[in-house]
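Each chain, letter by letter, is given below.
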Amino acid sequence: MLSVGSYLRELRERRGVSLEEIARATRVARSYLESLEADDFAALPASVFTKGFIRAFCQVLGEPPDEALARYAGRSIEGRDPVTPVAGPPPRAGRALETE
């Protein structure tokens with residue numbers, strides 16, 4: 001399965017659209033688009049913005065963003081998915097929850 005960056009690059013190249021054209025149409029900095037296509041997530045802003053970049057990228061190409069967003073959601077950065085919430089400490093045993 002292609003990574004999100006490879007997937008987007010393949011879509012763009014298949015349609016003969018340059019990164020400069022995508023940058024101009026989306027108003028997303030070319031450096032961010034290059035990082036996205038290179039799967040360099042550390043160089044991209046927060047996930048919510050990156051998802052917006054992916055949606056805009058796909059919109060310019062006339063593609064639904066679902067597949068690209070699914071590929072983005074399946075990635076991991078240094079072995080952890082930044083979207084997954086971190087579990088808190090386990091509840092203490094022996095204490096019942098108080099209800100009103």
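Here is what the cut-offs are and how they apply
Residues numbered from 1 in each chain as written. Predicted model: local features only at pLDDT ≥ 70, side-chain atom pairs only at ≥ 80, totals over all residues. Heavy atoms only, no water. Phe/Tyr/Trp six-rings, centres within 6.5 Å; stacked < 30°, edge-to-face > 60°. Helix = DSSP H or I, 4+ residues; strand = E, 2+ residues; numbered from the N terminus. Buried < 20%, exposed > 50% of the residue type's maximum accessible area, 1.4 Å probe, protein only. Salt bridge = Lys/Arg side-chain N within 4 Å of Asp/Glu carboxyl O. Arc of directions from axis to C-beta. Contact = heavy atoms within 4.5 Å. Polar contact = N/O pair within 3.5 Å; in protein donor to acceptor, adjacent residues only side chain to side chain.

Novice: Lay out the packing of aromatic side chains with the relevant residues and their values.
Specialist: Enumeration over the complete set of coordinates arrives at 2 aromatic pairs. Here the aromatic rings of Tyr32 and Phe53 are separated by 5.4 Å at their centres, their planes lie at 25°, and the arrangement is stacked. Of the two residues, Tyr32 is situated in helix 3 (residues 30–37) and Phe53 in helix 4 (residues 47–61); the sequence distance between them amounts to 21 residues. Look at Tyr32 and you get partly exposed, because its relative accessible area is 31%. Taking the centre distance of 5.7 Å and the plane angle of 65° together, the rings of Phe41 and Tyr72 count as edge-to-face. With Phe41 in the loop between helix 3 and helix 4 and Tyr72 in helix 5 (residues 66–73), the pair connects residues that are 31 residues apart, well separated along the chain.

Novice: Please give an account of the pattern of salt bridges that cites residues and values.
Specialist: Within the structure shown, the criterion is met by 7 salt bridges. One salt bridge connects Arg9 with Glu37, and the closest N-O pair in it is separated by 3.7 Å. Taken as a pair, Arg9 in helix 1 (residues 4–14) and Glu37 in helix 3 lie far apart in primary sequence, 28 residues in all. Members of the salt-bridge network, linked through shared partners, are Arg9, Arg12 and Glu37.

Novice: An account of helix 1 is needed here, citing residue identities and associated values.
Specialist: Within the sequence span of helix 1, burial applies to Val4, Gly5, Tyr7, Leu8, Leu11 and Arg12. With its buried residues spanning 165° around the axis, helix 1 presents them on a single face. Facing away from the buried side of helix 1, by more than 90 degrees, are the exposed residues Glu13 and Arg14. In this structure, the buried side of helix 1 is in contact with helix 2 (19–26), helix 3, helix 4 and helix 5. Looking at the residues trailing helix 1, positive phi occurs at Gly16, about 70°.

Novice: Mind laying out the side chain of Thr26, listing which residues take part and the relevant values?
Specialist: Structurally, the position occupied by Thr26 is in helix 2. At 2.7 Å, the side chain of Thr26 forms a polar contact with the backbone oxygen of Ile22. Apart from the residues lying within four places of it in its own chain, the contact partners of Thr26 are Leu33, Ala56, Phe57 and Val60.

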